[in-house]
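Here are the chains, one letter per residue:
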There are 2 protein chains.
Amino acid sequence: MTQESSQVAPRYLTGDKAGLQEFLAKFDVFLFDCDGISPCSTSAVPPRRSPAVTQSRKQVVFVTNNSTKSRADYRKKLEGLGIPSTVEEIFSSSYSSSIYISRILQLPENKRKVYVIGETGIEQELRSENVPFIGGTDPAYRRDVTPADYKKIAAGDESIIDPEVGVVLVGLDFHMNYLKIALAYHYIKRGAVFLATNIDSTLPNSGTLFPGAGSMSAPLIMMLNKEPVALGKPSQAMMDSIEGKFKFDRSRACMVGDRANTDIRFGLEGKLGGTLGVLTGVSSKEDFVSGDVRPHAYLDKLSDLLDSE
Amino acid sequence: MTQESSQVAPRYLTGDKAGLQEFLAKFDVFLFDCDGISPCSTSAVPPRRSPAVTQSRKQVVFVTNNSTKSRADYRKKLEGLGIPSTVEEIFSSSYSSSIYISRILQLPENKRKVYVIGETGIEQELRSENVPFIGGTDPAYRRDVTPADYKKIAAGDESIIDPEVGVVLVGLDFHMNYLKIALAYHYIKRGAVFLATNIDSTLPNSGTLFPGAGSMSAPLIMMLNKEPVALGKPSQAMMDSIEGKFKFDRSRACMVGDRANTDIRFGLEGKLGGTLGVLTGVSSKEDFVSGDVRPHAYLDKLSDLLDSE
């Protein structure tokens, strides 16, 4: 109950044209959650098509915790859904992580390499920031652990432990294995910074849930008794990166999303002027109305935004 | 500070022949930790060679949390170290788990199959109790997840989700992967009992630490927000199994081991008559003397037992 908005019931804006116009008029910037169901599914009306959002030159930022895709991949995905966007409007946890490593972490000259657990999206964003890395999709790490590995890792043998690694970045990795976890553990024990693109424990797919990026960090958290710095929603490191790039007035910005404990929390803790929940995703009406983390307003579905025309 | 012994400083028995004789005389049964350093390393004098333990026909039980080996494998390992034993004297977390499933869990007729994350030790012990299982070392599970898997798992397709699975048993698996974790998650969501052979987060190897069995359960614990029933030390389910088999008087039994928070806790919470710490492993003198979990007595090394001759 630390959030101001938790004290008040959120406004229900579906079908309330005047209320919706009044609500939208308060904001110049809309951050749209781009995970799960809204707005990146075909059933959602693209925010780009809402005159209330676009005709008055409001800024739109698409925010996603999915680290497996790069911003360029996401732009293509949005395009495929009929939502025009530019790479610059997309903010992913892999991009946020890359910026954090290249611009915020002050790494010693000889400790600038990143050991990656994750897929190509992370690699592309690290490359775009000129951050050197190992691991990731390199097939050399997609194998069983061997007796020789234990000895070499224990001895810090440079054929397997790169002395220049100063950061371990953990994102969703569909090829996670014992060797990768063992190496991440030893890099962190040797002093590397422990980062996670995001700590969502699950990933929605095919109408149900599968292991998320947080599940890749879970063994390390247990072994190290230490939490990673997480760069995705609801981490404010991501909000700071977004603000750093778009230079907006937080009181004139609104976060739109379906998950109370990530999207809405992200906006509330970032002290944005508004948060707007949509009911087409993870959180229920009950979550929004009587949960611990409540948006300022909510809609049945994103296409209800069109009612403000 | 719930354990009685935490209130008193443990007795230091190295070099104290009379004290050692007096201490050992109180017990008929000795449970020896068989993980880490004592007594299964070549540097430890086998308890079997200690007249104080063996000549008076005291019962010895070797207790291990390592689920990758069967009891038969362990007997061979002990033999290789010059320690004669019988399979019946060995109690492993995989055996303990198998007994728990076959004799304690009351599973419905059509839900008796176990989905295993783990190695051959678990499989051998499940076979010895006639428990049907899938997963484990089956190469069919050692592969990448595919788009078809998501759909089939979501739909509960019987080509990948076996409707007879009523238990998920998670032990140390050097071949852990995304598919295995996804399947375990869905079996538990569908009602399967969540068991772990043990929840040690790390595994000692080559003088350092690697991911332990607990690290295999960690993603599931995070995704499900639920802890497994753990069958290894310090779980009292293991103590109950040992007592059920050997029918001893707990007040006349002593747990010997190197880890305060597993071995010593196991003996204290099991209300054994005694606990004996040895300093050749994980816990330090400070842990034993001023920690939260203190043994009744401790020795520099296991071979100091010979001083009681």
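Model, not experiment: these values are computed from the prediction. (Residues numbered from 1 in each chain as written. Chains lettered and ligands numbered in written order. Predicted model: local features only at pLDDT ≥ 70, side-chain atom pairs only at ≥ 80, totals over all residues. Heavy atoms only, no water.)

Of the regular secondary structure elements, chain A holds 11 helices and 14 strands. Structurally, chain A occupies a C-alpha span of about 70 × 35 × 35 Å along its principal axes. Residues counted as buried form 58% of the 309 residues belonging to chain A. For chain A, long-range pairs separated by at least 24 residues make up 68% of all intrachain contacts whose partners lie at least 6 apart in sequence. For chain A, the computed accessible surface area is about 12200 Å², with 49% contributed by carbon and sulfur atoms. (Helix = DSSP H or I, 4+ residues; strand = E, 2+ residues; numbered from the N terminus. Buried < 20%, exposed > 50% of the residue type's maximum accessible area, 1.4 Å probe, protein only. Contact = heavy atoms within 4.5 Å. Areas by Shrake-Rupley, 256 points an atom, 1.4 Å probe, with all protein chains shown as cover.)

With 66 residues, the main nonpolar core has Tyr115(A), Leu183(A), Tyr187(A), Tyr115(B), Leu183(B) and Tyr187(B) as its most contacted residues. With sequence-adjacent residues up to four places away left out, Leu183(B) is seen in contact with Tyr115(B), Tyr141(B), Ile153(B), Ile160(B) and Ile161(B). (Core = buried A, V, L, I, M, F, W, Y, C linked by side-chain atoms within 4.5 Å.)

All names here are of chain A. When the UniProt feature table is mapped onto this chain, "binding site: Mg(2+)" (unreviewed entry) is found at Asp33, Asp35 and Asp258. What stands out for the annotated residues spanning 226 residues is how close their C-alpha atoms remain, the widest pair being 8.8 Å apart. The residues contacting Asp35, other than those within four sequence positions of it, are Val63, Thr64, Asn65, Asn66, Tyr74, Lys233 and Asp258. Relative to the assigned elements, Asp258 resides in the loop between strand S12 (253-257) and helix H10 (260-269). (UniProt positions renumbered as here; feature names shortened; annotations may be inferred.)

The next point concerns the sheet that holds strand S7 (residues 165-170) of chain A. Taken in spatial order, the 5 strands of this open sheet run S6-S5-S7-S8-S11 (chain A), and their pairing is parallel. One side of each edge strand has no neighbouring strand; the edge strands of this open sheet are strand S6 (133-135) and strand S11 (229-230) of chain A. (Pairing = 2+ DSSP bridges.)

All right, on to the UniProt feature "active site" (unreviewed entry) in chain A then. All names here are of chain A. On the UniProt side, "active site" (unreviewed entry) is annotated at positions that read Asp33 and Asp35 here. Checked against the element boundaries, Asp33 lands in strand S2 (residues 29-33). Engagement of the side chain of Asp33 in a polar contact is seen with the side chain of Lys233, the distance being 2.6 Å. With respect to the helices and strands, Asp35 occurs in the loop between S2 and helix H2 (51-54). (Polar contact = N/O pair within 3.5 Å; in protein donor to acceptor, adjacent residues only side chain to side chain.)

For the rest of this paragraph, the subject is the packing of helix H9 (residues 236-246) of chain A against H10(A). Residue and element names in this part refer to chain A. Running from amino to carboxyl end, H9 crosses H10 at an angle of 65 degrees, the nearest separation of the two axes being 10 Å. Considering the relative orientation of H9 and H10, their crossing is right-handed. The residues of H10 that touch H9, namely those facing Gln236, Met238, Met239 and Ile242, are Arg265, Phe266, Gly267 and Glu269. (Axes fitted to C-alpha atoms, helices over the stretch in contact; angles between N-to-C directions. Left-handed = near helix turned anticlockwise from the far one by under 90°.)

Quick look at the relation of the copies chain B and chain A now. Under the fitted operation, chain B is carried onto chain A by 0.0 Å of movement along the axis and a turn of 180 degrees, and the coordinates agree to an RMSD of 0.0 Å. Between the two chains, the operation in question is that of a two-fold axis. Of the interface residues in chain B, 100% have counterparts in chain A that sit at the interface too, so the contact is made through matching surfaces. (Least-squares fit on C-alpha atoms with pLDDT ≥ 70 in both.)

Here we come to the sheet that holds strand S14 (residues 297-299) of chain B. Residues and elements named next belong to chain B. Spatial strand order, S1-S14-S13-S12-S2-S3-S4: 7 strands in an open sheet with parallel pairing. Of all the strands in the sheet, the pair left with one neighbour each is strand S1 (11-12) and strand S4 (90-92). Across 4 bridges, the pairing between strand S12 (residues 253-257) and strand S13 (residues 274-278) is parallel. Counted as the bridge partner of Gly257 is Gly277 from S13. Sheet strands in contact with helix H4 (residues 93-104) are strand S3 (59-64) and S4, and its direction is about 75 degrees off that of S4.

What follows deals with the pattern of salt bridges. Taken as a whole, this structure holds 37 salt bridges over all chains when the rule is applied. Put simply, Arg11(B) and Glu22(B) hold a salt bridge, and the shortest N to O gap is 3.7 Å. Placement of Arg11(B) in strand S1 and of Glu22(B) in helix H1 (residues 17-25) is noted, with a sequence separation of 11 residues between them. By relative accessible area, which is 34% here, Arg11(B) ends up partly exposed. Among the salt bridges present, the one from Arg265(B) reaches Glu269(B), with a minimum N-O distance of 3.4 Å. In this pair, Arg265(B) and Glu269(B) both sit in helix H10 (residues 260-269), 4 residues apart, roughly one turn of the helix. The structure contains a network of salt bridges with shared partners spanning Arg11(A), Asp16(A) and Glu22(A). (Salt bridge = Lys/Arg side-chain N within 4 Å of Asp/Glu carboxyl O.)

Facing 34 residues of chain B, the contacting portion of chain A comprises 34 residues. Carbon and sulfur atoms supply 72% of the area buried between chain B and chain A, which totals about 2900 Å² over both sides. Where chain B touches chain A, the interface holds 6 residue pairs in polar contact (both at pLDDT 80 or more). Going through the elements one at a time, helix H6 (147-155), helix H7 (178-189), strand S9 (202-205), strand S10 (208-211) and helix H8 (213-224) of chain B are the ones with two or more residues in the side of chain B that touches chain A. (Buried area = accessible area lost by both parts, 1.4 Å probe.)

Summed over all chains, the structure comprises 24 aromatic pairs over all chains. Taking the centre distance of 5.0 Å and the plane angle of 40 degrees together, the rings of Tyr12(A) and Tyr298(A) count as tilted. Taken together, the positions of Tyr12(A) in strand S1 (residues 11-12) and Tyr298(A) in strand S14 (residues 297-299) put the pair 286 residues apart, joining distant regions of the chain. Taking 4.7 Å as the distance between ring centres and 90 degrees as the angle between the ring planes, the aromatic pair formed by Phe210(A) and Tyr150(B) counts as edge-to-face. Taken together, the residues Phe210(A) in strand S10 (residues 208-211) and Tyr150(B) in helix H6 connect one chain to another. For Tyr150(B), a relative accessible area of 9% gives the class buried. (Phe/Tyr/Trp six-rings, centres within 6.5 Å; stacked < 30°, edge-to-face > 60°.)

So, on to helix H7 (residues 178-189) of chain A. Residue and element names in this part refer to chain A. With 12 residues, H7 should cover 16 Å at 1.5 Å per step; its first-to-last C-alpha distance of 17 Å lies within 8% of that length. The element H7 is largely enclosed, with a buried count of 11 among its 12 residues. Regarding H7, the residues found buried are Tyr178, Leu179, Lys180, Ile181, Ala182, Leu183, Ala184, Tyr185, His186, Tyr187 and Ile188. One side-chain oxygen at the N-terminal end of H7 lies 3.1 Å from the backbone nitrogen of Leu179; it belongs to Asn177. (Expected span 1.5 Å × (residues − 1).)

Another aspect to go through is the confidence of the model for chain A. On average, residues of chain A score 89 in pLDDT, and 91% of them reach the 70 mark or higher. Within the model, the stretch residues 37-46 of chain A combines pLDDT values under 50 with 26 contacts to residues more than four positions away or in other chains. (pLDDT = per-residue confidence, 0-100.)

In this section: the domain arrangement of chain A. Residues and elements named next belong to chain A. What the domain assignment reports for chain A is domain 1 (4-65 + 234-308) and domain 2 (107-230). The gap between the C-alpha centroids of domain 1 and domain 2 is 32 Å. Counting residues at the interface gives 5 residues for domain 1, matched by 5 residues for domain 2. Here domain 1 meets domain 2 over a buried area of about 420 Å², counting both sides, of which 40% is carbon and sulfur. For the interface between domain 1 and domain 2, the tally reads 0 salt bridges. For the side of domain 1 that touches domain 2, the per-class residue count stands at 1 nonpolar, 3 polar and 1 charged. (Domains from an automatic or database assignment. Nonpolar A, V, L, I, M, F, W, Y, C, P; charged D, E, K, R; others polar.)

Bringing the side chain of Arg259(A) into the picture now. Inspection of the secondary structure puts Arg259(A) in the loop between S12 and H10. Other than its neighbours up to four places away in sequence, Arg259(A) contacts Asp200(A), Thr202(A), Pro204(A), Ile264(A), Val282(A) and Ser283(A).

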